[in-house]
Amino acid sequence: VQGSRVLFACFNKVLAADIKRLLTFSEKLTLADGQLEVHDVWEMINLFLSKPEQGDGDGYDDWARLVVEQMREDKTILPKFDTILIDEAQDMKAWAFEMLELHAHERTTICIAAGQGQELYGDAADFLKQFTNGAKKRNLRRCFRNTETITKFATATFEANWNSEKLGPVLHKLTSRAVQTELEYARPGGELPSLVAIDESSLDDVSEDFYPDAQND
């Protein structure tokens, strides 16, 4: 809004697409003097050099590292941003962080959001650990999507892993005062979902046409 050029970057293509969608609803951004770009890191790589026709996941990472090396040689032609926002950083490879740094100038502010224990594609990059050691830290406490009830239900399910013997200690921890003040919830209330056990053996004798309706019921 104040005239800065801002980059929002992430690993996940679906997340980037949804952020772009959400930003179309912003009335303030349409009046802003600055510029906000949203890209997943693969899109940024492809903007610099089109991806090869074939390759698997590991092959693409090898290719991406080669592209970043070429970016480093041609870094003067890369667009530079005043602020770089990196979301879901725990899933990014080292080459992605290096590439994003090449889009910074001397006074760029880099903000990295990462969820420890939320890695989906392997261990977090060493770059992230080093960055965390030297950066100012803030805990993001506000939960926009879920209610407190659903968050605790999901956490208990995950940590106990459906083992009833582990549920007691997990639930005790979740009701502690420290955990209760850990997050702020944008959505009030919320109820536990209904869990219904279906004995599918009782459906063996019914016709196949009826079976989906029985499951839905």
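Just above sits the structure.
Residues numbered from 1 in each chain as written. Predicted model: local features only at pLDDT ≥ 70, side-chain atom pairs only at ≥ 80, totals over all residues. Heavy atoms only, no water.

A.B. asks: How do you make sense of the packing of helix 3 (residues 41-48) against helix 5 (residues 94-101) when you look at a structure like this?
C.D. replies: When two helices pack together, their arrangement is given by the angle between the helix axes and the distance between those axes. Following both chains from N to C, one finds helix 3 and helix 5 inclined at 60 degrees, their axes separated by 11 Å at the closest point. In terms of orientation, helix 3 and helix 5 fall into the oblique class. For the crossing formed where helix 3 meets helix 5, the hand is left-handed. Across the interface between the two elements, Val-41, Trp-42, Met-44 and Ile-45 from helix 3 touch Trp-95, Ala-96, Met-99 and Leu-100 from helix 5. Here the residues of the contact of helix 3 with helix 5 sort into eight nonpolar, no polar and no charged. (Axes fitted to C-alpha atoms, helices over the stretch in contact; angles between N-to-C directions. Helix = DSSP H or I, 4+ residues; strand = E, 2+ residues; numbered from the N terminus. Parallel < 35°, antiparallel > 145°, perpendicular 65-115°, else oblique. Left-handed = near helix turned anticlockwise from the far one by under 90°. Contact = heavy atoms within 4.5 Å. Nonpolar A, V, L, I, M, F, W, Y, C, P; charged D, E, K, R; others polar.)

A.B. asks: Explain the sheet that holds strand 4 (residues 104-112) to me, please; I cannot follow it from the model alone.
C.D. replies: Strand pairing within a sheet occurs via backbone hydrogen bonds; the two strands may be parallel or antiparallel. Reading across from one edge, 2-1-3-4 is the order of the four strands in this open sheet, with parallel pairing throughout. Two strands lie at the open edges of the sheet, namely strand 2 (35-40) and strand 4, each paired on one side alone. The sheet shows a mean angle of 20 degrees between the axes of neighbouring strands, direction not considered. Where strand 3 (residues 81-87) lies against strand 4, five bridges are found, and the strand directions are parallel. Considered in strand 4, the bridge of Leu-85 is made with Cys-111. The sheet strands contacting helix 3 are strand 1 (5-10) and strand 2, and the helix crosses strand 2 at an angle near 100 degrees. Here helix 5 sits on the sheet in contact with strand 1, strand 3 and strand 4, set at roughly 135 degrees to strand 4. (Pairing = 2+ DSSP bridges.)

A.B. asks: For this particular structure, what's the right way to read the pattern of salt bridges?
C.D. replies: Charged atoms that come close allow side chains of opposite charge to pair. Under the definition given, this model contains eleven salt bridges. Ionic pairing is found between Glu-98 and Arg-72, a salt bridge with its closest N-O pair at 2.0 Å. Here Glu-98 is found in helix 5, whereas its partner Arg-72 is found in helix 4 (residues 57-73), with 26 residues between them in sequence. Take Glu-98: its relative accessible area is 29%, and that puts it in the partly exposed class. Note that Arg-141 and Glu-184 form a salt bridge whose closest N and O atoms lie 2.7 Å from each other. With Arg-141 in the loop between helix 6 (126-134) and strand 5 (142-143) and Glu-184 in strand 6 (residues 184-185), the pair connects residues that are 43 residues apart, well separated along the chain. (Salt bridge = Lys/Arg side-chain N within 4 Å of Asp/Glu carboxyl O. Buried < 20%, exposed > 50% of the residue type's maximum accessible area, 1.4 Å probe, protein only.)

A.B. asks: Teacher, can you tell me more about the nonpolar core here?
C.D. replies: Within soluble globular proteins, side chains that are nonpolar tend to cluster in buried spots. Among the nonpolar cores identified, the biggest contains 29 residues, and Val-41, Ile-45, Met-92, Trp-95, Phe-97, Met-99 and Leu-100 are the most heavily contacted of them. If you list the elements that add at least two residues to this core, you get strand 1, helix 3, helix 4, strand 3, helix 5 and helix 6. Setting aside residues no more than four positions away along its own chain, Met-99 makes contact with Val-41, Met-44, Ile-45, Val-68 and Met-71. Counting residues in hydrophobic clusters, the runner-up holds five residues, among them Phe-8, Cys-10, Ala-16 and Ile-19. (Core = buried A, V, L, I, M, F, W, Y, C linked by side-chain atoms within 4.5 Å.)

A.B. asks: Where do I start with the side chain of Asp-40 in this structure?
C.D. replies: Structurally, Asp-40 is set in strand 2. Assessed through its relative accessible area of 5%, Asp-40 is described here as buried. Those residues in contact with Asp-40, other than ones at most four positions away along the chain, are Cys-10, Phe-11, Asn-12, Lys-13 and Ala-16.

A.B. asks: Please explain the pairing of strand 3 as it appears in this structure.
C.D. replies: Within a regular strand, side chains alternate between the sheet's two faces. Here strand 1 pairs with strand 3 via five bridges, running parallel. Its bridge partner lying in strand 3, Ala-9 is registered against Ile-86. Chirality of the crossover, the property in question, places the unit of strand 3, helix 5 and strand 4 among those that are right-handed. (Right-handed = clockwise from strand over helix to strand, strands pointing away.)

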